[in-house]
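Structural features, examined
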Amino acid sequence: MVTPIGIMRLRYFVLFIFCSVVAAAQELPTTVADTTFYSKVDSLYREDQLYLRITYNLLRQTPNGYSQNGVSPGFGGGFLRDFPLNKKRTFAVAAGMGISYNKYHHDLQVSEFDGIRNYVILQDVNYDRNKLEQVLLEFPLEIRFRNSTPQSHKFWRFYAGVKASYLVFSKTKFIGNETVTVINNPDFRKWQFGPYLSTGYNTWNFYAYYGAEPLLRNASIDGKRIDLTTLNLGLMFYIL
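Residues numbered from 1 in each chain as written. Predicted model: local features only at pLDDT ≥ 70, side-chain atom pairs only at ≥ 80, totals over all residues. Heavy atoms only, no water.

Points about the overall build of the protein chain
Tallying secondary structure elements over the protein chain gives two helices and 13 strands in all. In the protein chain, buried positions account for 42% of the 240 residues. Entry remark: accessible area of the protein chain is about 13400 Å², with carbon and sulfur atoms responsible for 61%. (Helix = DSSP H or I, 4+ residues; strand = E, 2+ residues; numbered from the N terminus. Buried < 20%, exposed > 50% of the residue type's maximum accessible area, 1.4 Å probe, protein only. Areas by Shrake-Rupley, 256 points an atom, 1.4 Å probe, with all protein chains shown as cover.)

Quick look at the environment of Gly96
With respect to the helices and strands, Gly96 occurs in strand E3 (residues 91–105). Among all residues touching Gly96, those that are not within four sequence positions of it are Phe79, Leu80, Glu138, Phe139 and Pro140. (Contact = heavy atoms within 4.5 Å.)

Let's talk about the nonpolar core
The biggest cluster of nonpolar side chains holds 18 residues, and the ones touching the most others in it are Leu59, Leu108, Tyr119, Phe188, Leu216, Ile221 and Ile226. Setting aside anything within four residues of it in sequence, one finds Leu216 in contact with Tyr119, Asp187, Phe188, Arg189, Arg225 and Ile226. (Core = buried A, V, L, I, M, F, W, Y, C linked by side-chain atoms within 4.5 Å.)

Section: the pairing of strand E5 (residues 116–121)
Remark: a regular strand shows side chains that alternate across the two faces of the sheet. In terms of strand pairing, strand E4 (residues 108–113) meets E5 through six bridges, oriented antiparallel. Residue pairing across strands places Val110 opposite Tyr119, the latter belonging to E5. Connecting E4 to the next strand, E5, in antiparallel fashion are two residues, including Asp114 with a positive phi near 55°. (Pairing = 2+ DSSP bridges.)

Structural notes on the packing of aromatic side chains
What describes a pair of aromatic rings is the distance from one ring centre to the other and the angle between the planes of the rings. Tallied over the full model, the rule gives nine aromatic pairs. For the pair Trp156 and Tyr201, a centre-to-centre distance of 5.1 Å together with 45° between the ring planes defines the contact as tilted. Of this pair, Trp156 sits in strand E7 (residues 156–175) while Tyr201 sits in strand E9 (residues 191–201), and the two are 45 residues apart along the sequence. Accessibility expressed as a relative area gives 54% for Trp156, which makes it exposed. Taking the relative accessible area as the measure of exposure, Tyr201 reaches 36% and is therefore partly exposed. (Phe/Tyr/Trp six-rings, centres within 6.5 Å; stacked < 30°, edge-to-face > 60°.)

Observations regarding the pattern of salt bridges
With the rule as written, the count across this model stands at 11 salt bridges. Among the salt bridges present, the one from Asp82 reaches Arg146, with a minimum N-O distance of 3.0 Å. Taken as a pair, Asp82 in strand E2 (residues 73–84) and Arg146 in strand E6 (residues 129–146) lie far apart in primary sequence, 64 residues in all. The residues Asp82 and Arg146 share a single accessibility class, namely buried. Taking the shortest distance from any N to any O, the salt bridge between Asp227 and Arg225 comes out at 2.7 Å. Here Asp227 falls in the partly exposed class, since its relative accessible area comes to 25%. Of the residues examined, Arg225 reaches a relative accessible area of 44% and is grouped as partly exposed. Ionic contacts of the salt-bridge type, sharing partners, join the residues Asp82, Glu142, Arg144 and Arg146 into one network. (Salt bridge = Lys/Arg side-chain N within 4 Å of Asp/Glu carboxyl O.)

What to know about the environment of Ile99
Note that Ile99 resides in strand E3. Relative accessible area serves as the criterion here: at 30%, Ile99 is assigned to the partly exposed category. Between the C-alpha atom of Ile99 and that of Gly78, which follows or precedes it by 21 residues, the distance is 6.3 Å.

Some points on the environment of Leu233
Residue position: Leu233 is located in strand E13 (residues 229–239). When the C-alpha atoms of Leu233 and Thr55 are compared, they prove to be 5.1 Å apart, with 178 residues separating the residues in sequence. Once residues lying within four places of it in the same chain are set aside, the contact partners of Leu233 are Thr55, Tyr56, Leu58, Phe206, Tyr207 and Ala208.

The structure is reproduced here in structure tokens:
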């Protein structure tokens, strides 16, 4: 089971990898020998096989009275195998695997007693924090259109795909006059699916993902089903 300490280490690991890659990319060749090495052209190149992502997370199809508060961030990274489908290698498909961490600050409190979970919207209640955290393994599959060339890594891209995500850890935590924590709530769907889009130029790429199914199953407030779905908006960074 992934622990809260493990989640914190995951955040620092993703940040460390991102900073290391950016620093390495800034070391440009300065000698004639280096320039000769980097000028070699690979006509059978593959693009964008490592990715890092940062998002702002929203929840849609919310119950009456529901609201988010504070910043709800997300981080992700992984590997995508690029398979060019035409001679110019501007049309391709890609499949891969990654890991993501999503946090939501909101006013939907979850509590548990004797294996029974209760959901309530925090209205007229003073509290310090109420959050949901999830760690997921993700399996993206996408179609890629780009105007890349063997000589340049700066190009426009339009990537669209679908992603299956498997929930490996979840935690809800309320901090107020008491602290209420629920680890690995079985009401959360283990498998989550949805379409996504990544488009942009060179380093900067807009990213959007929409969850096609509710996060929760068989959960309700006053007899009304909770159909929360995710909307993640942010930036995608590709490497190699």
